[in-house]
Structure formats: C-alpha cells, structure tokens
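# Descriptive structure summary
Residue-level listing of the chains:
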Amino acid sequence: MNTLSSLKAVQEPASALVASDQVAIDKSALAAALIHPPGSLPAASGVRLVIQQFNEALKAAFFAGLDATAVVAARAVAVDEIVCAVWRLFALDRSDHTLLAVGGYGRGELHPHSDIDICVLITDALTADERRQLEGFVTFLWDIGLEVGHSVRTLDETHAAAATDITIMTNLLEARLLSGADAIFAAVKSTIGPEKMWNAQGFFTAKYIEQDQRHERFNDAFQQLEPNIKESPGGLRDIQIIAWVTNRHFNSTGLDSLVGHGFLTTDEFTVLERGRNHLWRIRCALHFLAGRREDRLLFDHQKRVAELFGYTDAAHNRAVENFMKDFYRTVRELARLNEILLGLFQEAILQHDREVRASPLNRRFQVRGNYIEATSNSVFARTPPALLEIFLLMQKNPTIKGVRASTIRLIRAHLHLIDDKFRLDIRARSLFMEIIKEPRRIGHELQRMHRYGVLSAYFPPFARVESLMQFDLFHVYTVDEHLLFVVQQMRRFSYPLTLEEQTPFIRQVIERIPKLELLYLAGLFHDVGKGQGRDHSEAGAEVATEFCQIHGLSTYDTNLVTWLVRNHLIMSNVAQRQDIYDPEVVAAFATTIGDQIRLDYLYLLTVADIRGTNPKLWTSWKDSLLAELYLITLRRMRGGAEAPNDKAERILEIKTDARTNIESARCSEHAVALLWSTLSDEYFLRHRPIEIAWHTETILEADDDELPLVAVRNFASRGSTEIFIYAADTDHLFAISTATLDRLRLDVQDARIITSEAGYTLDTYNVLDTESRSPVDDPLRIQEIQTRLRTSLRANEIPAARAPYATHRRMQHFKFPASVEFAMDPAHNRTVMEVIATDRPGFLSVVGRAMQNCGVRLHDARIATIGERAEDYFYVTDFADQPVTDPAVQTALREAIVSELNA
C-alpha cells in the first residue's frame, strides 16, 4: 500500500487498506448491541460501549507502536461498519437512497476524533416518513458518539451546490460509496466532472487562492509557537491541496502518480510521504491525548507528545525543543515541495495551451511569464555563485513574481556546491553583500533563500539555529524565523508613513542611518549564538566579527555590527527595568552607547527585535518608552558628560516646558511655584512636562475637601491610560490603589510613587485593560475608575481580593517559583526589593497587601513584564523611612509574597 495514496479507487472499501491482523471493531458485539424489540430502537449506550472499546484498543495499539497510517485506515473501516449498520437499522438501504462517505472519510483517512462527513443522495423530494427516518439515522449516530456532518440532496441539487461552492465540490471529489446503487454514484461523479464544472484551470486557481488566504491567516509563518498541524503553512492541508489538484487534473487518486507524470522525483515523493506520515503520527497522538479532535500542537500537549515519541533532553536543548525542531523541519520541507508542485501545476494547467516567451536577463537567467528561471540545467554547475545571483536579480526586478518550479528544483539539487570554497569565493561574497545592500525586497528574498535552503548553506551559524524553538511565551517564532522577521521589520521602517505600525519618529531615525546594510546584518546575527549553552550575545558577536571580516567590511563597520550584536538587549533592559528619568541611569547608558550613530542603530535594532519576537509584545507603551529613552540619552550626549550642573539645568528646562502647558487661570505663578517648591527633583525628572502641567492643574483647581484627587487621562504618545492620585500620604495607599485597580480589571504597566515635602503623595499608574490590552477610552469606564478609587482611598481600606484567578492554559506550562531578593540603594538610603515570578493579573495587589501586613512603606517601583515573566523592583523603607534591614521583616515579606504568587 502506498501511504500517500488517498484510495486506489473511489469505490474501494476502506477495509482494503487495513491488514486482517490490525485493530478492528468487534462486529459480533456491534450486531448484538443493535438488537432491539420491535417498535423501538436499540439502546445507544450499548453501541457507545462497543465503540469505546474499539477506540481504547486502537489507542493502546498506537501507543504500542501501530503506524499512524494503519490507525486512520482502521478507524475508517470501523466507522464504515457502524454507519452502514445504523443505515440498515433505519431501513434506508434501498434503491432510491445512496449513502456516500465524503471528505477525509471518503479518502479512508479518519483520525481518532475526526468528524465523519456523509452525503445522502435521494432521487426525489423526501416524504414526511422518509424525513423522519433520515433524521432518526443522523440523531442516532450522534447519540452513539459519532460527530457527523451530513447533507441530503438530489442529483440536481448536488450539481447546483458543487458548481457554486468549491468546498462542496472538493468533498464530492473524494466521495466513496457506502450503500446504494453504483449507477447513482457514477452519476454523481459524472455531474461534477471537469467538463461540467470547475475545470482543471478553475479548480487550481480557486485552490491556489484558498491556500494563499489560509497562509495569510497564519502570517505565512511555518514555525509558530503553537502551530496548527493541519492548517498552518506546510501542514496537512498543503498536502491535500496537492492531492486535490492531482485528482482534478490527472483524474488520479494517488500522489504516487505524480512520479509517473514527471511532477515529482522519487526522492521528493519519499520526502513527501515521510513528512505526511510524521504529521499523521503527531495528529493521532494529539487526538488520543486530548480525547477529542485537536489539530493545534498546544503547549498542553507538546511535552507529552515528545515523551510519547521517545524524545529526551540533549545537549543544551530540552526534549520538547528537539521534538519541535523535527516538526518545524518537516513542515518546511513540505512547504518547499508544495511550492514546487503548485508551480509545476501552474505551468501545466494554466499555461499549457499558450507559448510563454522568455525574456533574457543575462546568460544565466531569463524571465518566463513573470517567473525567473535558469537558461539551462547546467547553470549552477558551471557557475555556482549563480545560486546567490538569482535572488539579487529578483530584488532588482520587482515585476518578477517568483521562481519557476523547475529552477527551484535545480537550486535544491545544487546546494552541495555551497561549501567552504564557495563561501570564500569573492564572487559569492560580493553577491551576498549586494543582496544585503539592495534597498528593495531584502526581507522577501532572505525568506526565499531560507525556504530553498540557500541561506543555511551559505551561512552555517544560521543553519545551527534553524527550527530552534524556545519553549516560552516570549518567543512566538523559532530563532531562524525570528531573525528574518526582524530584518523584515527593519525594511518596513522605510515604508510610507501610512502604514499603521509605522511612526514618524522611527522614520526620522531610519533616514539618518548611513548604511542600512549594517543594520540588516545586526538583525540577522543578533540571535545566531543561541542554543550553544553560553551567552548568546557574545557568541553572536564572534560570528558577526568573522562574517564581516570575511566579507570585506571596514574595521569601523565590523566593530559597529559586532557591538550591536553584543549589546542588542541593553536598551530594552534599561527602558523596562531602570528609571530612565534618573540622570545617573541615563549617564551610564549614554557612556555605554558612546555616540549618536550607535544610538540610532541600537534603537532601530531594539524596536525591530521586539516587534519580530512576538506581535503582542509591541505596544504603543513600549514605543513611547524606547523613544523617550532615546531622546533623553541623545540630550545627554549633546550636553556632554562634563556639563556643569546638568541635573539642575534639566529640571529648569522641564519646569519651563511644563509652565507653558498650564492653561488654567487658577494656576497663578505664585501658586505653581509654591506647589513645585514642595516637590523633589525626582518628581520633575520622572515626569514629562505635559504630565507635570496636568498634575499641577488637577491639584490647584481642586478644593481641599475634594481630596483624594483621582484624575484619568489618555496620552496618545504613551499608549496607556494614566491615572494620577493626589492624597494625604498614608502608609497603605499603594496597597489600596493596586487592589482597587485589580478589581477594576486594569493591568499596571508602570508605577511612579512620589511623596512631597508637604506630606502628600503623587502617584501615577499607567494601565491597560486586562482583557483588551488597550487604553481605557470609554467615558463611563473612566468615571467608574475615578469613583471606585476615591471610595477606596477615603475608606482607607484595602478592597477584598478578587476570586482566585484561573491560570491561563498557556501559563500553566511556564510557571516558575516566585523569588524575592533584597539589596541596598545607598544613594537614596532605601532597600530595593526584587520580585521575579510568573506574571498574572493582580500581581502588584499581592505585593501591596504584603507590604501593608509587614509594615513596609513603598517609595518607588519599576514594573517590567517580559513574556510570561514579571521582574519588578520596589524601593522600600520601614515606617521610620529607614532601609528594611531586619532579617525577620525581610523573611516575613518574602514569604507573604511568594506564598501568594506560587498559589
């Protein structure tokens, strides 16, 4: 039996695919369960028990090593027995009713919990009794545990439905006769024939568009965190597309026929067969482990499937990462074959009846029908650097849509030519650098080079991270996909500003970059050092240095790329984990950066890195935070490290800017000066002028009896809702505020806690809605926030905690023990409490309650969440404003926080 065949013939029973010694349903037990007294139906529970026993036997056989191809065929045979027996039970086995298996069931491929699709053909409109019989038939199938999709149509209705709906047409294409007249089945096959509807050209075009739309839903990414093994690019649906087009064009039911027709080589068919079998095995495991239809390779199942398949931890990667690496390699190979075959089909089906003239590009390549091709089969053998040249030509000629399938096959066949000698060839090195320097389609062509295997062959460090998964929520893509997405993001920085994700500030910075190719190289190299068991930034820097030197970059350019790779995490770390308004922090960061050139490159690399890591990580809040750090650092650089009284000048500048933003008539110069005289330098350094103006107006416009004040405002540039609280200083204000925000389902992104010399606290919280992850713009919701906060603060009581949170399905696989550590902050005579734990709603509320119970006062906070990991820093003292140094208090605080966060 050929394991990639659908069925040898459309009328061949599924039983022909299963050897006699394989798992089978107990026919005697099934027959006994269907026995019933006259005038009544058999008990559904008895039939369900027989089916359950078969399912358990099939599961045990699979876990013991039964091949997935045997599993799917065995279930199809069992369902044939059950469906046909129930069909007879309802006396439907007569000449005017025909029962067909369609879709995957029609192919004889039923995974453990796949739907069962059937089609009932009738010769005329149903009578009331016939309708009741058919309804009883379908209902009974559901009652015994079969998930059935069904249709009831006449031949004319079938013709009309198939002619207008490609999905119905495709299901009927794979139809198999279960019961009824051969003549009616033949009539169905005739009525959907290509001469009557959906000819080969129309069918291929519809399926090609269908695949494009499906791939787009998955961002055209082969290697996602929780892939859908059926629908994702390179998944089972891509194989089915090939099978359907083969069926329609060649009237053939087996993919093995493509070898005979010259569309697949024997080796390619072996790869296709092996890949299909591997995905089938995974799909069977998913269905059995989940106990239901499940085609998503979720975190819930990845470890269990890896263990089931015998994967173990090896070198620096865990078993689950090794399992997923094999999966990703499989779908990438299948995607390559899908591209080749659809290209060949396009040439054979859409262009078979017309001469497509070739337009030469040079001696080695020409364009035919907007697709580039080699001028002869010996091009790459004669001129190996042409393996890179073809991608450069596509960049320079944007009208070229792709590579002809025959040339893709040639590229794959000549990858062995890319060896050490090739990599040192001045022609190859020059071509690769031209590709990197070409202003157009850099992202597209690097992706194409990766798909065809050229990039990994030319750049071995890239091959080492190919399909390398990182089992966490922070990295959505494998390392290789991430690197290419980062370069694509960099290219998009130069796109027109009409794009939603583009910002004018990024555009301003990218236009100052003298050599974009250095930015692209840094993006391509920054994570290539992963998976080696050491600091990946250092490992990547070594790779970058060697590559740049071999490719003739100047010492300056080499050092810049190397520096960027080594320091690619520093800007995000400073922005998210340190106080970017602290002059000492900014001074240290500016010293590390050195000059504006490095700052420009690093800023763009950081933005692209975050965007290319996880689409959900990039928010307008992070955008504004990085832009703010950039501007503050640039100002520091321009002022000079030895600028006299820099801090005082900066504060004066901030106050001047803030004063120009104050519009209220009640804010006289004297009132503003009096208020500001009670505020610390830290307040002015940690708030922007527009925020200071807003705070000042809020405070001075209010009467004393209105305290506490709660103001809410959305700053477009901050990407979050800002909540400002002004109240008489109390020790538990933070605990009360965060607990209330938690009950309001608001997630705190940043917290700034300031106490004035007059004994008032000025607290600012930047929040997002917990569900939508967006700012709050509903006026009623904003009013609710103000009312609830004022009520809680006036009562001076911490609201009751919300009901325990249900841990998100994904988070269950990434929980790690919470830790609390203490250190001194000698500059401010405070204790720094570091809390690292799995992120969850109400995180700050837990910390605030613990501080209240342990007699600890909060002065400041740094909030940072990276993927599933929260790393927050709290600057605290005791109630006497002295550092928390008592070991007993530290222990009590640690235990209170850890016990709650680990619960």
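## Regarding helix α19 (residues 426-437)
Since the α-helix packs 3.6 residues into each turn, any two residues three or four apart lie on the same face. In this model, α19 (twelve residues) spans 16 Å end to end at C-alpha, consistent with the 16 Å of a helix rising 1.5 Å per residue. The complete set of buried residues in α19 reads Ala 428, Arg 429, Leu 431, Phe 432, Met 433, Ile 435 and Ile 436. Residues of α19 that are buried make contact with α16 (386-396), α18 (420-424), α20 (442-451), α21 (454-458), α25 (516-525) and α26 (536-550). Residue Asp 425 occupies the N-cap position of α19, its side-chain oxygen lying 2.8 Å from the main-chain nitrogen of Arg 427.

## Looking at the environment of Ile 116
Among the secondary structure elements, Ile 116 is positioned in strand β2 (residues 116-122). Counting along the chain gives 31 residues from Ile 116 to Glu 147, while the straight-line C-alpha distance between them is 6.1 Å. Among residues more than four places away in sequence, those in contact with Ile 116 are Arg 75, Val 79, Tyr 105, Leu 110, Leu 146, Glu 147, Val 148 and Gly 149.

## Notes on the side chain of Thr 478
Mapped onto the elements, Thr 478 comes out in the loop between α22 (460-464) and α23 (479-492). Within the structure, Thr 478 has its side chain in polar contact with the side chain of Asp 480 (distance 2.7 Å).

## What to know about unusual backbone geometry
Cis peptide bonds are those with omega within 30 degrees of zero, and the linkage from Leu 707 to Pro 708 qualifies with 0 degrees. Following the sequence through the fold, Pro 708 ends up in the loop between α35 (689-701) and β9 (709-715). The phi dihedral of Trp 198 falls on the positive side, at around 45 degrees, and the residue is not glycine. We classify Trp 198 as partly exposed; its relative accessible area is 23%. Positive phi, normally seen in glycine, also occurs at Arg 441, with a value near 60 degrees. Mapped onto the fold, Arg 441 is located in the loop between α19 and α20. On the basis of relative accessible area, Arg 441 is assigned to the buried category, the value being 18%.

## Things to note about the nonpolar core
Counting 237 residues, the largest nonpolar core has Phe 137, Ile 144, Phe 345, Leu 388, Phe 525 and Tyr 603 as its most contacted members. Beyond its immediate chain neighbours, meaning those up to four positions away, Tyr 603 contacts Phe 505, Ile 506, Val 509, Met 571, Asp 623, Leu 626, Ala 627 and Tyr 630. The next biggest cluster of nonpolar side chains, apart from the first, holds 49 residues, and it includes Leu 741, Leu 744, Ala 818 and Val 876.

## Description of the sheet that holds β9
Sheet architecture is open: four strands sit in the order β9-β10-β12-β11, paired in antiparallel fashion. Each end of this open sheet is capped by a strand with a single partner; those strands are β9 and β11 (746-755). Direction aside, the axes of adjacent strands within the sheet are offset by 20 degrees on average. Of the pairings in the sheet, the one linking β11 to strand β12 (residues 760-769) comprises nine bridges and is antiparallel in character. Its bridge partner being in β12, Asp 747 is matched across the sheet by Leu 768. On the sheet, helix α36 (residues 733-743) packs against β10 (720-728), β11 and β12 and is oriented at approximately 20 degrees with respect to β12.

## Examining the sheet that holds β2
Within the open sheet, the four strands sit side by side as β3-β2-β1-β4. Their pairing is mixed. Either end of the sheet is taken by a strand with one partner, and the two such strands are β3 (148-154) and β4 (176-179). This sheet shows a mean twist of 30 degrees between the axes of neighbouring strands, independent of strand direction. The sheet strands contacting helix α3 (residues 68-89) are β1 (97-101), β2 and β4, and the helix crosses β4 at an angle near 40 degrees. Most of the contacts of helix α5 (residues 128-143) go to β3, to which it runs at about 160 degrees, and overall it touches β1, β2 and β3.

## Points about the pairing of β1
Residues in a regular strand project their side chains so that they alternate between the two faces of the sheet. Most of β1 is tucked away: five of the five residues are buried. Going residue by residue along β1, you find His 97, Leu 99 and Ala 101 tucked away on one face and Thr 98 and Leu 100 tucked away on the opposite face as well. The pairing of β1 with β2 spans five bridges and is antiparallel. Residue pairing for β2: Leu 100 is matched across the bridge by Cys 119. Judged from the three bridges that link them, β1 and β4 form a sheet pairing that is antiparallel. For Leu 100, the partnering residue across the bridge sits in β4 and is Leu 177.

## Observations regarding the pairing of β2
Most of β2 sits out of view: six of its seven residues are buried. Where β2 lies against β3, seven bridges are found, and the strand directions are parallel. Looking at β3, one finds that Ile 118 is bridged to His 150. Read as a crossover between parallel neighbours, the route from β2 over α5 to β3 is right-handed.

## Regarding the packing of aromatic side chains
In total, this model carries 29 aromatic pairs according to the counting rule given. Relative to Phe 288, the ring of Phe 62 has its centre 5.6 Å away and its plane inclined at 35 degrees; by these criteria the two rings are tilted. One end of the pair, Phe 62, is in helix α2 (residues 44-63); the other, Phe 288, is in helix α12 (residues 266-290), and 226 residues separate them in sequence. Here the two residues Phe 62 and Phe 288 agree in accessibility, since each one is buried. The structure contains a cluster of three or more aromatic residues connected by ring pairs, namely Phe 422, Phe 432, Tyr 458, Phe 459, Phe 525 and Phe 547. Lying over the aromatic face of Trp 280, Arg 276 brings its terminal NZ or CZ to 3.3 Å of the ring centre. Lying over the aromatic face of Phe 684, Lys 655 brings its terminal NZ or CZ to 4.7 Å of the ring centre.

## Remarks on the pattern of salt bridges
In this structure the tally under the stated criterion is 49 salt bridges. Ionic pairing is found between Arg 534 and Glu 542, a salt bridge with its closest N-O pair at 2.8 Å. Taking relative accessible area as the criterion, Glu 542 reaches 45% and is therefore assigned partly exposed. With a shortest N-O distance of 2.7 Å, Arg 857 and Asp 881 are connected by a salt bridge. With Arg 857 in strand β15 (residues 856-862) and Asp 881 in the loop between β17 (869-878) and α39 (887-901), the pair connects residues that are 24 residues apart, well separated along the chain. In this structure Asp 881 comes out as partly exposed when scored by relative accessible area, which is 37%.

Calculation rules
Residues numbered from 1 in each chain as written. Predicted model: local features only at pLDDT ≥ 70, side-chain atom pairs only at ≥ 80, totals over all residues. Heavy atoms only, no water. Helix = DSSP H or I, 4+ residues; strand = E, 2+ residues; numbered from the N terminus. Expected span 1.5 Å × (residues − 1). Buried < 20%, exposed > 50% of the residue type's maximum accessible area, 1.4 Å probe, protein only. Contact = heavy atoms within 4.5 Å. Polar contact = N/O pair within 3.5 Å; in protein donor to acceptor, adjacent residues only side chain to side chain. Core = buried A, V, L, I, M, F, W, Y, C linked by side-chain atoms within 4.5 Å. Pairing = 2+ DSSP bridges. Axes fitted to C-alpha atoms, helices over the stretch in contact; angles between N-to-C directions. Right-handed = clockwise from strand over helix to strand, strands pointing away. Phe/Tyr/Trp six-rings, centres within 6.5 Å; stacked < 30°, edge-to-face > 60°. Lys NZ or Arg CZ within 6 Å of the ring centre and 35° of its normal. Salt bridge = Lys/Arg side-chain N within 4 Å of Asp/Glu carboxyl O.

Note that every value here comes from positions in space, so none of it alone points to a role or purpose.
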